[in-house]
Each structure stands twice: as structure tokens, then as C-alpha cells.
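As a plain string of letters, each chain reads:
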Amino acid sequence: MAGSIPASPTVSAAAPRRASASPWAEAWRRFKRHRLALAGTALLALMALAVLLGPWLWTVPINEIDFSAKLQGPSLKHPLGTDDLGQDLLARMLYGGRISLAVGLASMLIAILVGVVIGAVAGISRGSVDAALMWLTDLFLSLPQLPLLLLIIYLFRDVLKNWVGPEAGIFILIVAVIGAFRWMPAARLVRAQFLSLREKEFVEAARALGASPSRQVVRHILPNALGPVIVAATIDVAAAIIFESTLSFLGLGFPPDIPSWGRLLYDAKDYLDVAPHWALIPGSAIFFTVLSISYMGDGLRDALDPRKVL
Amino acid sequence: MWQYLLRRLAIAVPSIIGISVVLFTILALAPGDPFEELAANPNVPPEIRANLRAQFGLDDPIATRYLRWFGSMLVGDWGYSFASRVDVDTLILQRLPVTLVVIGASQVLALLVALPVGVYAATRPYSIFDQIASTIAFAGYALPTFFTGLLLILVFSIHLDWLPFVYRADLPGSGWPWIWAHVKQSIMPVAVLGLFQGAAWTRYVRSSVLDVIRLDYVTTARSKGLAERVVIVKHVVRNALIPVVTLVAIQMPAVFGGAIVTEQIFRVPGIGSLLISAILANDTPVIMAVTFVLSILVILCNLLADILYGWLDPRIAYR
């Protein structure tokens, strides 16, 4: 671990500029070297910007039906073509992108929150609590996730729909369920980090100074365990986007009037022969989003691992 | 070895119980009543409904209901399908072989792709081959199965017209043409599932072989004068496969998820498409049974992974 102590006088004498850099600046320097990660981040930022600002710039409504223009390929009037009801695909793609990214981020937040809490509790407590939590983690890892997701959505969607409305209801349901089935990797990671970190000298020093267990965790252990968690979080966003698209593709996600990317693919699959653009556009959008996030995660993994020499 | 297997089986039992508890909790928490349709029907008087409820034990305490439900799940008494009026177990037994064949074939395909490509890429790290393979693997992992399925249909069924895009279990005919027709219609589902898995496995195999190949015992094997081939196949790959087996076992639930999607795209009559049609038809007994069967299959796969461990690394079995 000697390499992770940058503040030694010889190093700062040899490279004064680097010694003053904060860990985050250091990480950014390493991240920048990963060109694909940089490209992925840029593409992702572009997409996020497009779906956030796009609906203001491209003001065609998502549900304007025009049978005279149905199943058209890309043209000036409809840059991404139209679907079987003549609805503009660009507007629907922008709207769907909002949903996909929002589902991805919200599910990730839930999964990481649950994972960090469970992993931290398991990692700091020994004996039966740790064993029980890890058994629970392993149990959840061996659950068949997609069938269970489908089952839960089948059983609960009507209640939530009546309760908070169709759009918010299905959103809450999907986000909660994906979050509830994706926390295990984060929990394992955090626990593994805790097991090694809690024996480190600086934590022992904090303990000797009388820091309570919760202070040890929050002030000393958790900040040092965050690197892998951030990487896991990026991967979770991608996984959640795929999960949501899968559900919508199976016809069990968002209702037809809310065009998420998976839903667009589901609607498009019966028109592959006459309107391939309709399926290719949302499909590529999912592909490029997930690919960008994966490359970003890869770059973050390199950037946030202080032992890594690049 | 037998003792080890028994121990692993003993660990599998609590997981089955745990999964059954999760399933039953979801079902018990769910709103709605299996006799809702009867309640809405004015021709069914309330006392008959109450009798039916008592007959099916719906008013018993939850622990009793769970034990009875789990007991009948275990002995295969899964009730009958609301939609088709057929016993659920015959329905599942009809569909299961197709699913197992498609999943099995795709796993073999994934192995045939991932093992050679991953090992070859790792023996020549950062070569052109490695970079191309890694990029394709990365991209393949980001391509969801439902999109690759549609892409394959677009290319091979619509543009080239080589392969049928609807899977038929009841193909007429016999002999070689019949077998060939079956192979032809299985190519795309198996490829979609297998290549997705293969992409993930290639990355695992590569990084795992890279970890092992620098170890001292590999240098020793080389300095003994063993052929490079023997070093790689007998010394490196066997040890590198141990972490790969772990990762593959963890991925099994995702494989079954992918199978559901693939069956849905190509209309393969397996239990995945049975699940989807049951959900769309509100056919609760079938949904529960399919979910339960898929859970058991995942646990069986984990058990299989444990057996593989014992074979790959005998130390694990005797510990």
C-alpha cells in the first residue's frame, strides 16, 4: 500500500504539481487516459442532454396520430421516421430516453443504498449477523430475477396504478423491483472492502481514540470503500436500463402510451419487414447507452483503484 | 467426494426453502383474491363462495397455508391452469424439454466460443486479436438479447430468407430433413442466447487466464520443457476455470431470464413463453409453478457448479 501515500516529502520534491493534486484530481487524470471511457462519457452526456432539452427543441407531440404518414422511413419532417400510427419517432425516442435514464438512475440509487447498508452492517459486525446477511445475499443471488420481476409486476401493477396513476405507478414499481433485485453485488463488494479496511491501522487509530463504531464506519471506512461502489453503481445503471427495456419488450413494462425504448422495440417487432428503422433506432439507443456506461465503468475502475499504475 | 456432495445438497435445501418463502410472501402480499371472478359473478351466491374459500383453506392462518402450499409444490401437485384447464405439471413437462435443449445448446455454444477465444487472447495480451476479441466481447455484452434477436431475424429471415423466425415444435415429417428443419429453426435462438453468454464468458476466461499465467508454477512447467500447448491446456486452463465457474454459476439466473426473452422473440414453445402467456392471461397457478421450476433449475445449476469445483480443484472437495 506504500504507493497510495502520495504525501511523502521525496515525492513532493520530485513532482510538486502532482503532490498537491487531490485524490479526485488524481482519479480524473487517470480516467482521462482511458480514451474509450472518455468517449463513452461524452456520448452519455450528449444523450442525457438530448433527452433533457430535446423535447423543448423538438416540439412534435409524442402521440400525434397521422395515418397518411405511417411507417415512413427517416425524412425531413420526421428525422427518425414514424410508427404504424404515423407518430413521430424522434419525439417518442426523446421521451423514452428520459424514462430509460430515469429508471436506470433511480434503480441504481435504490440498489446501491440497500447494498451499502447491508454490506456495511455485515462487514462491521461479526458472527451470526454477518452470516445471516450473507446467506440472504446468496439467496437473492440465486433467485431467478426476471420471472420474479414479472410475477411481482403482474401481481402489483393494478394496485399501484389505481393508487398513483398509470405512469408513476409503473415507474415506482419497476424502479423498486429492479432495485430490490440488484443490491447483492454492491453488498458483497462493500462487505469485502469493510473486512480488509476495518483491520487497517488508521481505523485502529480511530478506534483507539474512542471513535464509536458508527463514526468509524461513516468517517473512516466508508469513504475508502467508495471506489468499487461507484464502479458497481455505473454497471447497475446499465443493468437497470436493460431490465426495464426487457420488461417493456415483453409487454409488461410501461403501457403503450408511454413510449420507453423497450416499449418502442416491442411495438416495432411485428413490422420488421416493412419498417426496420422503427426497431433499429431504439435498439441502437439502448446498445450505445449501455456500451457507453460499460466503458465509463471500465475507466472508473482504473481511475479509482489507487494501486493501479497507469 | 460423496461427502462433499451431500454437504452441498444440505446447503441447497435451505435455499429452496428460502426461495419458496420469498415466492409465497409475494403471493400472500399481493392484493386480489383467487375467487375475485366468482365474487363478480352475480350467479354465484356468497355462501357458495364462502364454502369454496373454506374448502381451499383460504381462511387458514398463514403458516398453515404456507406449509400446505410448499408441500404440494414439492410433490408436484401444482393445480390446473385457469386458461387451458390442463394440469399445470403436464403443461410444464410438455414445455420444459424445449427450454432445456435451447439453453443447453446455447451454453455449449458459449463454451465453444469463450474458452478458445478467451485463452488465446490471454496468451497474447494486447495483441490485435486480443483487442478485437475484447471489443467484440464488450459490445456483445451491451447488446440486449431482445435486440440481437430482432437483428438476426432482420438479417437471416427477412433479408436473406435463410432461416425461419418462428419455432415450431410440431414440425411434420421424419428422417434427416426433419432433423435438419429442427436444427435450422434452433440456430437463431441458440445463437442469440449463446453469443450473449459467450461474450461475458470470454471476458471472464481472459482475465482469469491472465491472472494464472503469471504464477510461478506455470514458469516451472515451462522450464521443465513441457510443450506450450500442454502448459496452457493442462496447467493454466484447469486452474483458471475455477473462478470462471463461480461467475458462470452467479450468471445462471440471467441465463434463464435471457431464455424467457429469446423464447418470446422466436416463439419457442418453452416454459419461458408459457410464463409470459400465463401472465398475459392472469393464469396464477401456471405463473407460480413456472417461477418455482425456474428457481429449482437455478439451484440445480449451482449444485452442478459445485460438482465442477470438486472436479477442477479436489482440495475444495476434501476441505
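Scanning chain A for helices and strands turns up 13 helices and zero strands. Counting from the amino terminus, chain A carries its helices and strands in the arrangement α-α-α-α-α-α-α-α-α-α-α-α-α. Out of the 310 residues in chain A, the part that is buried amounts to 50%. If you take every contact in chain A between residues at least 6 apart in sequence, the share linking residues at least 24 apart comes to 70%.

If you tally the helices and strands in chain B, you get 13 helices and zero strands. Evaluated residue by residue, chain B yields a buried proportion of 45% over its 319 residues. Considering only residue pairs separated by 6 or more positions, chain B has 71% of its internal contacts joining residues 24 or more positions apart.

Here we take up the interface of chain B and chain A. The interface of chain B with chain A comprises 46 residues on the first partner and 41 residues on the second. Carbon and sulfur atoms supply 85% of the area that chain B and chain A bury against each other, a total of about 3800 Å² over both sides. For the chain B face of the interface with chain A, the top three residues by lost area are F138(B), F146(B) and L150(B), together amounting to 17%. Where chain B meets chain A, there are zero salt bridges. Across the contact surface, chain B and chain A share zero residue pairs in polar contact (both at pLDDT 80 or more). Of all elements in the fold, only α1 (2-29), α6 (128-142), α7 (145-159), α10 (228-266), α11 (271-280) and α12 (284-312) of chain B reach the threshold of two or more residues within the side of chain B that touches chain A. For the side of chain B that touches chain A, the residue count by class is 34 nonpolar, ten polar and two charged.

Here we come to the packing of aromatic side chains. This model, assessed by the stated rule, comprises eight aromatic pairs over all chains. A centroid spacing of 6.0 Å and a plane angle of 45° characterise the contact between F140(A) and F181(A), whose relative ring orientation is tilted. One end of the pair, F140(A), is in helix α6 (residues 128-141); the other, F181(A), is in the loop between α8 (166-180) and α9 (184-197), with 41 residues separating them in the sequence. An angle of 55° between the planes, with centres 5.1 Å apart, marks the rings of F287(A) and F288(A) as tilted. In this structure an aromatic cluster arises from ring pairing among F140(A), F181(A) and W183(A). The residue whose ring lies beneath R206(B) is Y126(B), and the NZ or CZ to ring-centre distance is 5.8 Å.

Counting residues in hydrophobic clusters, the biggest one holds 150 residues, and the most contacted among them are L146(A), L150(A), L151(A) and I92(B). What I92(B) contacts, discounting residues up to four positions off in sequence, is W78(B), I271(B), L274(B), A289(B), V290(B) and V293(B).

Turning our eyes to something else, we now look at a nonpolar patch on the surface. Residues W176(B), W178(B), I179(B), W180(B), V183(B) and I187(B) make up a contiguous nonpolar surface patch of about 650 Å² in total accessible area. Among the structural elements, W180(B) can be located in helix α8 (residues 175-213).

Residues and elements named next belong to chain B. Mean pLDDT over chain B works out to 80, with 91% of the residues at or above the 70 mark. Looking over chain B, one finds the lowest element-wise mean pLDDT in helix α2 (residues 36-40), namely 58, and the highest in helix α9 (residues 216-223), namely 88. Under the prediction, the complex receives an ipTM of 0.77, its pTM being 0.81.

This brings us to the environment of R182(A). All names here are of chain A. For R182, the position within the fold is in the loop between α8 and α9. Under the relative-accessibility criterion, R182 is labelled buried at 18%. Along the sequence, R182 and Q193 sit eleven residues apart, while their C-alpha atoms lie 18 Å from each other. When residues no more than four places from it in sequence are discounted, the contact partners of R182 are A111, D236, A239 and F243. A polar atom in the side chain of R182 sits 2.8 Å from the side chain of D236.

Right, let's talk about the pattern of salt bridges for a bit. Residue and element names in this part refer to chain A. Within this structure, the stated rule accounts for seven salt bridges over all chains. The shortest N-O distance in the salt bridge between D130 and R191 comes to 2.8 Å. Here D130 is found in helix α6, whereas its partner R191 is found in helix α9, with 61 residues between them in sequence. In this structure, R263 engages D267 in a salt bridge whose closest nitrogen and oxygen atoms are separated by 3.4 Å. Here R263 pairs with D267, and both are found in helix α12 (residues 261-268), just four residues apart, close to one helical turn.

Positive phi is not limited to glycine here, since R267(B) has a value of about 55°. Here R267(B) shows up in the loop between α10 and α11.

Residue and element names in this part refer to chain A. On average, residues of chain A score 79 in pLDDT, and 85% of them reach the 70 mark or higher. Per-element confidence in chain A ranges from a low mean pLDDT of 44 for helix α1 (residues 9-14) to a high of 88 for helix α5 (residues 89-124). Here residues 1-17 is a poorly scored stretch, pLDDT under 50, and it has four contacts once near neighbours within four places are set aside; other chains count.

Moving on, we come to the side chain of D306(B). Within the secondary structure layout, D306(B) lies in helix α12. Aside from chain neighbours lying at most four places away, what touches D306(B) is Y4(B) and R8(B).

Summarising the element assignment, T289(A) is placed in helix α13 (residues 276-304). With sequence-adjacent residues up to four places away left out, T289(A) is seen in contact with L44(A), M47(A), L101(A), I241(A) and W261(A).

We now examine α8(A). Residues and elements named next belong to chain A. Over its 15 residues, α8 runs 21 Å from end to end, which matches the ideal 21 Å to within 8%, given 1.5 Å per residue. Where α8 is concerned, the buried positions are G169, I170, L173, I174, V175, V177, I178 and G179. Where α8 is buried, its residues touch α5, α7 (145-164) and α11 (213-249).

All names here are of chain A. Closest axis-to-axis distance for the α7/α11 pair is 11 Å, and the angle between their directions is 60°. Taken as axis vectors, α7 and α11 run oblique relative to one another. Seen from above, α7 lies across α11 with right-handed handedness. Within the contact between the two elements, α7 uses Q145, L146, L149, L150 and I153 and α11 uses F243, T246 and L247. Residue composition of the contact of α7 with α11, grouped by class: six nonpolar, two polar and no charged.

So, how was this worked out
Residues numbered from 1 in each chain as written. Chains lettered and ligands numbered in written order. Predicted model: local features only at pLDDT ≥ 70, side-chain atom pairs only at ≥ 80, totals over all residues. Heavy atoms only, no water. Helix = DSSP H or I, 4+ residues; strand = E, 2+ residues; numbered from the N terminus. Buried < 20%, exposed > 50% of the residue type's maximum accessible area, 1.4 Å probe, protein only. Contact = heavy atoms within 4.5 Å. Buried area = accessible area lost by both parts, 1.4 Å probe. Salt bridge = Lys/Arg side-chain N within 4 Å of Asp/Glu carboxyl O. Polar contact = N/O pair within 3.5 Å; in protein donor to acceptor, adjacent residues only side chain to side chain. Nonpolar A, V, L, I, M, F, W, Y, C, P; charged D, E, K, R; others polar. Phe/Tyr/Trp six-rings, centres within 6.5 Å; stacked < 30°, edge-to-face > 60°. Lys NZ or Arg CZ within 6 Å of the ring centre and 35° of its normal. Core = buried A, V, L, I, M, F, W, Y, C linked by side-chain atoms within 4.5 Å. Patch = residues over 30% accessible without salt bridge, like charges linked within 9 Å, V, L, I, M, F, W, Y side chains within 5 Å. Areas by Shrake-Rupley, 256 points an atom, 1.4 Å probe, with all protein chains shown as cover. pLDDT = per-residue confidence, 0-100. Expected span 1.5 Å × (residues − 1). Axes fitted to C-alpha atoms, helices over the stretch in contact; angles between N-to-C directions. Parallel < 35°, antiparallel > 145°, perpendicular 65-115°, else oblique. Left-handed = near helix turned anticlockwise from the far one by under 90°.

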